[in-house]
Amino acid sequence: MVEFDLSYFLYLIQNNQDIFQKIIFTIISGFIIRTSLSLTGQNWVRTQHQTLTYLILPFISFVIASVIMNNIALSLGMIGALSIVRFRNPVKSPFELVMFFALLTLGISVSVDLKWGIIVIFFLLIIIFFSYFYESILLFFNKRPFNLSFEEGSSLNFLEITASSEIESIKKHKSLIHFYYSKNESSYNYKFAFENKRDLDNMHDSISKNFNIIGIEIKYSN
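Residues numbered from 1 in each chain as written. Predicted model: local features only at pLDDT ≥ 70, side-chain atom pairs only at ≥ 80, totals over all residues. Heavy atoms only, no water.

Considering the sheet that holds strand E4 (residues 213-219)
Here is step 1: The 4 strands are arranged E2-E3-E1-E4 in an open sheet whose pairing can be described as antiparallel. Among the strands making up the open sheet, the edge pair consists of strand E2 (176-182) and E4. Neighbour-to-neighbour, the strand axes of this sheet turn through a mean angle of 10°, independent of strand direction.
Here is step 2: Pairing analysis gives 6 bridges linking strand E1 (residues 157-163) to E4, with the strands arranged antiparallel. Its bridge partner lying in E4, Glu160 is registered against Glu217.
Here is step 3: Sheet strands in contact with helix H8 (residues 197-207) are E1, strand E3 (187-194) and E4, and its direction is about 15° off that of E1. (Pairing = 2+ DSSP bridges. Helix = DSSP H or I, 4+ residues; strand = E, 2+ residues; numbered from the N terminus. Axes fitted to C-alpha atoms, helices over the stretch in contact; angles between N-to-C directions. Contact = heavy atoms within 4.5 Å.)

And the structure:
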């Protein structure tokens with residue numbers, strides 16, 4: 001039975017502080033990127049599997065790049081291995097695939113020089129938050145810069161309103177994605193999509209007291 005030698009493990013840490021510091025940096029950086037995406041409305045990244053992916057993938061790529069850096073034989077073998085071992089689950093969107101590449105790049109760049117890892121995560125965060133604030137500012141002026149994504153990993157919340165007469169106040173709402181009028185039933189159907197629950201709840205509270213409404217259906221993403 002192999003016994004775990006704590007003193008030897010501490011000896012490895014003490015004599016390889018630079019490597020362990022870089023490993024900790026890659027893991028923390030992956031968590032920061034995951035948190036940043038979550039804060040900016042990318043709900044698909046909040047699952048346990050995605051969280052673990054963002055923690056593990058940069059660390060793994062760092063170790064691989066460090067091991068094969070000065071060994072041509074290992075480099076060629078790793079290329080062959082990576083051509084066999086690949087993501088077999090379907091990637092929901094090009095953006096999700098780009099983020100996987102970003103995590104791999106983070107780990108590889110840290111193995112070369114820590115400053116490159118800092119540069120990678122710095123500009124990643126700038127791009128993520130710039131996109132978020134850019135959208136928020138335009139939405140404040142009732143303009144939507146991007147189309148709602150239904151098939152690219154974004155979780156949307158839906159509000160469906162059925163009314164006995166046309167409601168002009170919501171007909172031009174920025175979140176309206178579908179409108180239907182039934183002449184036989186004399187009913188008007190409005191369907192809205194929201195990226196967060198707060199906007200849906202605000203919309204519901206502002207319209208629920210309208211006497212022309214005969215039905216409201218809400219579908220939350222989670």
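Quick word on the confidence of the model for the chain
Here is step 1: Summary statistics for the chain give a mean pLDDT of 80 and a share of 82% for residues scoring 70 or more.
Here is step 2: By mean pLDDT, helix H4 (residues 72-84) is the weakest element of the chain at 60, and helix H2 (residues 17-39) is the strongest at 91. (pLDDT = per-residue confidence, 0-100.)

Concerning the side chain of Ser187
Here is step 1: One can find Ser187 in strand E3.
Here is step 2: Classification of Ser187 by relative accessible area gives buried; the value is 10%.
Here is step 3: The contact partners of Ser187, leaving out residues within four places of it in the chain, are Thr162, Ala163, Tyr180, Tyr181 and Ser182. (Buried < 20%, exposed > 50% of the residue type's maximum accessible area, 1.4 Å probe, protein only.)

Focus on a nonpolar patch on the surface
Here is step 1: A contiguous nonpolar patch, built from Met69, Ile108, Val112, Trp116, Ile119, Phe122, Phe123, Ile126, Phe130 and Tyr134 and spanning about 1,000 Å² of accessible area, is present on the exposed surface.
Here is step 2: Elements supplying a minimum of two residues to the nonpolar patch: helix H5 (94-112) and helix H6 (114-140).
Here is step 3: With 7 residues, the top contributor of residues to the nonpolar patch is H6.
Here is step 4: Positionally, Phe123 belongs in helix H6.
Here is step 5: Phe123 sits in the partly exposed class, given a relative accessible area of 47%. (Patch = residues over 30% accessible without salt bridge, like charges linked within 9 Å, V, L, I, M, F, W, Y side chains within 5 Å. Areas by Shrake-Rupley, 256 points an atom, 1.4 Å probe, with all protein chains shown as cover. Salt bridge = Lys/Arg side-chain N within 4 Å of Asp/Glu carboxyl O.)

Concerning the nonpolar core
Here is step 1: In terms of nonpolar packing, the biggest core is built from 17 residues, with Ile33, Leu37, Val45, Tyr54, Met99 and Leu103 touching the most fellow members.
Here is step 2: The set of elements that each furnish at least two residues to this core consists of H2, helix H3 (48-68), H5 and H6.
Here is step 3: Setting aside residues up to four positions removed in sequence, Val45 forms contacts with Arg34, Leu37, Ser38, Gln50, Thr51 and Tyr54.
Here is step 4: In terms of nonpolar packing, the next biggest core, distinct from the first, is built from 13 residues, Ile170, Tyr188, Phe192 and Ile213 among them. (Core = buried A, V, L, I, M, F, W, Y, C linked by side-chain atoms within 4.5 Å.)

Concerning the packing of H2 against H5
Here is step 1: Two elements in contact, H2 and H5, have axes whose closest approach is 10 Å; the angle formed by their N-to-C orientations is 155°. Compared by their axis directions, H2 and H5 come out roughly antiparallel. Remark: the crossing between H2 and H5 carries right-handed chirality. Where H2 abuts H5, its residues Lys22, Phe25, Thr26, Ser29, Gly30, Ile33 and Leu37 lie against Phe95, Met99, Leu103, Leu106, Gly107, Val110 and Ser111.
Here is step 2: Its residues assigned to classes, the contact of H2 with H5 comprises 8 nonpolar, 5 polar and 1 charged. (Parallel < 35°, antiparallel > 145°, perpendicular 65-115°, else oblique. Left-handed = near helix turned anticlockwise from the far one by under 90°. Nonpolar A, V, L, I, M, F, W, Y, C, P; charged D, E, K, R; others polar.)

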